[in-house]
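Chains, contacts and geometry: an overview
In case you want the letters, here they are:
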Amino acid sequence: MPAERVRFVGTDHSRIRAEDSAIVLAHCQCHVQAFGASIIAATDTATVRLGVAAHLRASAGVCVTGPSAATNLTIEPHPISRLAGHLNL
């Protein structure tokens, strides 16, 4: 039986290091480092550093860096509620 994914919601300058198979909803200047098979949804002015296997859905305004910034990124035109729905939060 696979392990359950850990879920985080980050806001207001919080810093999150997502590893393995974490699920993160980030907004309001949250800073995320995503590694492993993590799945991230980010909006507002969040900053996300994507590792090799991590995936990100982001709205306009999110700063994305890291080795997977060009390949594992989807720009989402919908508001944060739709991003949260994507993560089943």
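Attention in this report is confined to the structure presented alongside it. (Residues numbered from 1 in each chain as written. Predicted model: local features only at pLDDT ≥ 70, side-chain atom pairs only at ≥ 80, totals over all residues. Heavy atoms only, no water.)

So, the overall build of the protein chain
For the record, the criterion: Strands here are runs of E lasting at least two residues and helices are runs of H or I lasting at least four, both read from the DSSP assignment and numbered beginning at the N terminus. Residue exposure (1.4 Å probe, protein chains only): buried if accessible area is under 20% of the type maximum, exposed if over 50%, otherwise partly exposed. Should any heavy atoms of two residues lie within 4.5 Å, those residues are counted as being in contact.
Helix and strand content of the protein chain: one helix and nine strands. Here the protein chain holds 89 residues, and 37% of them are scored as buried. Of the contacts formed within the protein chain by residues at least 6 apart in sequence, a portion of 12% connects residues at least 24 apart.

Here's the deal with unusual backbone geometry
Phi is positive for His13, close to 65°, though the residue is something other than glycine. Relative to the assigned elements, His13 resides in the loop between β1 (7–10) and β2 (15–18).

Section: the side chain of Ser59
In plain terms, the rule: We define a polar contact as two N or O atoms separated by no more than 3.5 Å, with the added condition that, inside protein, one atom must be a possible hydrogen donor and the other a possible acceptor, whereas residues neighbouring each other in sequence contribute only through side-chain atom pairs.
Summarising the element assignment, Ser59 is placed in the loop between β7 (55–58) and β8 (63–65). A polar contact is formed between the side chain of Ser59 and the side chain of Thr43, at a distance of 2.7 Å. In this structure Ser59 touches Ala42, Thr43, Asp44 and Glu76, once residues within four positions along its chain are discounted.

Thoughts on the sheet that holds β1
As a reminder of what qualifies: Pairs of strands are assigned from DSSP output, requiring at least two bridges between the strands. Lines fitted to C-alpha atoms define the axes, with helix axes restricted to the stretch in contact, and inter-axis angles between N-to-C directions lie between 0 and 180 degrees.
Read across the open sheet, the five strands follow the order β1-β3-β5-β7-β9; overall the sheet is parallel. Every interior strand has two partners, whereas the edge strands, β1 and β9 (73–75), have only one. The sheet shows a mean angle of 15° between the axes of neighbouring strands, direction not considered.

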